[in-house]
Amino acid sequence: MNKNDQRSRHSNNKETIVITDEEDEPKISKKIKNDNENDCVMSVDVIPWMSKKTLMIRHPVLRLHNEIAEFYEYISPSDQEHKRRVTAYLRVEKYLQDIAPEAQIESFGSFKTRMYLPNADIDIVMIETSCTQKQLFKKVAARMMKQTNKFENVNLIANAKVPIIKFVEVESQYHFDLSFNQLDGLKQIEELEKAFELYPELKFLLMTLKCVLRQRDLNETYSGGVGSFLLFQMILAFLREFRKDFFQHNKEDQIKNVTLGEYMIKFLEFYGIKFDVSRKKIVMGQGGRIENKSTQDERFSLFSPQDPDHDVGHSSYKIKEIFKIFQNRHNFLTNYNFKPGESVLRYLINPTDQKFSFLKPAQF
């Protein structure tokens with residue numbers, strides 16, 4: 001049992017567990033029913049992804065495996081949802097093409113791979129080699145600011161390393177991120193697709209962990225969090241290290257027996273407990289490896305597979321807060337006495353009894 005857990009037993013044989021060791025996580029009080037009472041099934045608004053079949057699985061890690069798979073199916077965009085986004089993207093693409101007929105307009109990121117949460121931004125890059133980034137930025141910004149019938153909440157981020165225009169398309173209410181003359185996102189698509197093929201578990205971990213960060217407003221790199229591509233790289237680095245142990249002990253045939261629940265718990269342990277931010281750096285190129293830093297510092301270092309000199313992790317200045325949450329959730333999941341009939345995954349992605357943020361209409 002975690003020494004920071006506070007447990008109290010009551011005369012009615014109910015047990016309350018309160019996690020209070022981390023200020024950045026909600027304090028969770030959970031009463032566990034007696035074995036002779038009916039299993040507690042929470043409101044579908046709190047755990048809408050969970051099936052009745054999964055609720056009946058007694059082993060928490062196996063239940064978590066099923067929940068992660070069901071959550072992936074629940075949260076992933078349907079064909080209808082994706083079609084609406086494609087339609088909105090095509091309208092924006094046409095508008096940008098009218099501004100710069102010679103420019104190449106491309107989508108990338110989670111929209112391209114269909115690995116996005118319901119409220120995710122649509123990433124677009126505008127490529128016009130006859131203009132500099134700033135020239136193209138100013139040209140588009142000047143036009144877009146006047147089109148209040150088409151775009152709203154236009155946010156010009158001019159001083160970033162890569163200038164970006166964030167905006168909402170009025171008709172669809174979808175959020176867009178527009179960058180200029182930046183090819184990294186396009187180069188990443190092939191790498192993403194290859195990794196999903198080599199590591200089938202990656203997509204399940206990615207969608208779940210995206211939600212973990214989004215629920216805590218720690219999913220934007222520009223505000224110190226971990227964005228989608230950095231999270232993808234972090235999961236990939238973990239999976240590579242995790243598999244190395246199997247190969248070193250000639251147990252690679254056992255990898256297929258690892259459950260999604262085990263992967264998730266090991267991921268939380270890897271970054272929340274084992275990884276030393278001040279001493280270690282992650283290099284993603286040439287098969288990936290973890291090395292000692294030449295100089296100790298408090299920044300997270302993860303070097304791009306496309307550019308070995310580009311540290312894509314250093315902008316995430318809230319990484320210690322994030323790793324602290326991972327540690328907290330690992331300690332909770334490995335110490336809490338889960339009972340049949342309650343969700344394990346909700347303590348990761350919806351750790352209060354509030355309505356889940358990404359509820360979808362019921363399917364009939």
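Each chain carries its own residue numbering, running from 1 in the direction its sequence is written. With the structure being a predicted model, the display of local features is reserved for residues of pLDDT at least 70 and the display and counting of side-chain atom pairs for 80 or more, all residues being used for whole-chain, interface and lining totals. Hydrogens and water molecules were not included; the side-chain quantities draw on all heavy atoms of the structure.

As annotated in an unreviewed UniProt entry, the protein chain carries the name Poly(A) RNA polymerase mitochondrial-like central palm domain-containing protein and comes from Paramecium tetraurelia.

A. Representation of the pairing of strand 8 (residues 175–180) within the structure. Buried residues are those whose accessible area, probed at 1.4 Å on protein chains only, stays under 20% of the maximum for their type, while exposed residues exceed 50% and partly exposed ones sit between those limits. Only DSSP runs of H or I reaching four residues or more are called helices, and only runs of E reaching two or more are called strands; each is numbered from the N terminus. The buried count for strand 8 comes to 5 of 6 residues, which makes it a mostly enclosed element. Two strands are counted as paired when DSSP detects at least two bridges linking them. Of the pairings in the sheet, the one linking strand 5 (residues 122–127) to strand 8 comprises 5 bridges and is parallel in character. For Asp 123, the partnering residue across the bridge sits in strand 8 and is Asp 177. Bridge count for strand 7 (residues 164–169) against strand 8 is 5 bridges, and the pairing is antiparallel. Each residue of the ladder has a partner; that of Val 168, found in strand 8, is His 175.

B. Here's a closer look at the nonpolar core. Counting 73 residues, the largest nonpolar core has Leu 202, Tyr 271, Phe 300 and Phe 323 as the members making the most contacts within it. Elements supplying a minimum of two residues to this core: helix 2 (60–75), helix 6 (184–198), helix 7 (202–214), helix 8 (228–248), helix 9 (260–274), helix 10 (319–335) and helix 11 (346–349). Residue contributions to this core peak at 12 residues, all from helix 8. When sequence neighbours within four positions are dropped, the list of residues in contact with Phe 300 reads Leu 230, Met 234, Phe 275, Val 277, Ile 282, Asp 311, Gly 313, His 314, Ile 319 and Phe 323. To define a nonpolar core, start from buried Ala, Val, Leu, Ile, Met, Phe, Trp, Tyr and Cys residues and group those joined through side-chain atoms within 4.5 Å. Counting residues in hydrophobic clusters, the runner-up holds 27 residues, among them Tyr 89, Ile 105, Val 140 and Phe 167. Residue contacts are defined here by distance: any two heavy atoms, one from each residue, within 4.5 Å place the two residues in contact.

C. Examining the packing of helix 8 against helix 9 more closely. Here helix 8 crosses helix 9 at 100 degrees, and the two axes come no closer than 10 Å. The angle between helix 8 and helix 9 falls in the class roughly perpendicular. Listed contacts from helix 9 to Met 234, Ile 235, Ala 237, Phe 238, Leu 239, Glu 241 and Phe 242 of helix 8 are Tyr 263, Lys 266, Phe 267, Phe 270 and Tyr 271. Tallied by class, the residues present in the contact of helix 8 with helix 9 amount to 10 nonpolar, no polar and 2 charged. For every element, the axis is a line fit to its C-alpha atoms; helices are fit only across the contacting stretch, and the angle between N-to-C directions ranges from 0 to 180 degrees. For classification purposes, an angle smaller than 35 degrees is called roughly parallel, one larger than 145 roughly antiparallel, one from 65 to 115 roughly perpendicular, and anything else oblique. When residue character is reported, Ala, Val, Leu, Ile, Met, Phe, Trp, Tyr, Cys and Pro are called nonpolar, Asp, Glu, Lys and Arg charged, and the others, Gly included, polar.

D. Here's a closer look at the packing of aromatic side chains. Two rings from Phe, Tyr or Trp (for Trp, the six-membered ring) form a pair when their centres are within 6.5 Å of each other. A pair whose planes differ by under 30 degrees is stacked, one over 60 is edge-to-face, and the rest are tilted. Considering all chains together, one arrives at 31 aromatic pairs under this definition. Note on Trp 49 and Phe 71: the rings are 5.6 Å apart at their centroids and 90 degrees apart in plane angle, and the pair reads as edge-to-face. Here Trp 49 is found in the loop between strand 3 (29–32) and helix 1 (52–55), whereas its partner Phe 71 is found in helix 2, with 22 residues between them in sequence. Grouping residues by exposure puts Trp 49 and Phe 71 together as buried. With a centroid separation of 5.2 Å and 0 degrees between ring planes, the pair formed by Phe 167 and Phe 176 is classed as stacked. Owing to a relative accessible area of 2%, Phe 167 belongs among the buried residues under this scheme. Judged by relative accessible area, which is 1%, Phe 176 ranks as buried. Chaining the aromatic ring pairs together yields one cluster made of Phe 238, Phe 242, Phe 246, Tyr 263, Phe 267, Phe 270, Tyr 271, Phe 275, Phe 300, Phe 323 and Phe 326. Note on geometry: a ring has a charge over it if NZ (lysine) or CZ (arginine) is within 6 Å of the ring centre and within 35 degrees of the ring normal. Positioned over the ring face of Tyr 174 is Arg 85, at 4.6 Å from the centre of the ring. Just above the ring of Tyr 347 sits the side chain of Arg 346; from NZ or CZ to the centre is 4.4 Å.

E. Spotlight on the sheet that holds strand 11 (residues 302–303). Overall, mixed pairing links the 3 strands, which are arranged 10-9-11 in an open sheet. Across the chains shown, the open sheet's two edge strands, defined by having one partner strand only, are strand 10 (289–292) and strand 11. Two strands pair when backbone bridges link them, and strand 9 (residues 280–283) and strand 11 are joined in this way by 2 bridges, in the parallel orientation. If you follow Val 283 over to strand 11, its bridge partner there is Phe 303.

F. Quick peek at the environment of Leu 268. As for its placement among the helices and strands, Leu 268 is situated in helix 9. Take Leu 268: its relative accessible area is 0%, and that puts it in the buried class. For the pair Leu 268 and Asn 331, spaced 63 residues apart in the sequence, the C-alpha separation amounts to 9.1 Å. Those residues in contact with Leu 268 that sit more than four places away from it in its chain are Ile 273, Phe 326, Arg 329, His 330, Leu 333 and Leu 348.

G. Quick look at the sheet that holds strand 5. Reading across from one edge, 4-5-8-7-6 is the order of the 5 strands in this open sheet, with mixed pairing throughout. On the outer flanks of this sheet lie strand 4 (104–108) and strand 6 (151–157), each paired with one strand and no other. In this sheet, neighbouring strand axes are inclined to one another by 25 degrees on average, regardless of whether the strands run parallel or antiparallel. In the sheet, strand 4 pairs with strand 5 via 5 bridges, with the strands oriented antiparallel. Paired with Gln 104 across the strands is Ile 127, a residue of strand 5.

H. The arrangement of the pattern of salt bridges in detail. Salt-bridge detection follows one rule: a side-chain nitrogen of Lys or Arg within 4 Å of a carboxyl oxygen of Asp or Glu. Following the criterion strictly, the structure yields 16 salt bridges and no others. With a shortest N-O distance of 3.5 Å, Lys 166 and Asp 121 are connected by a salt bridge. Of this pair, Lys 166 sits in strand 7 while Asp 121 sits in the loop between helix 4 (110–113) and strand 5, and the two are 45 residues apart along the sequence. Judged by its relative accessible area of 14%, Lys 166 is buried. Salt bridges sharing common partners tie together Arg 91, Glu 169 and Glu 171.

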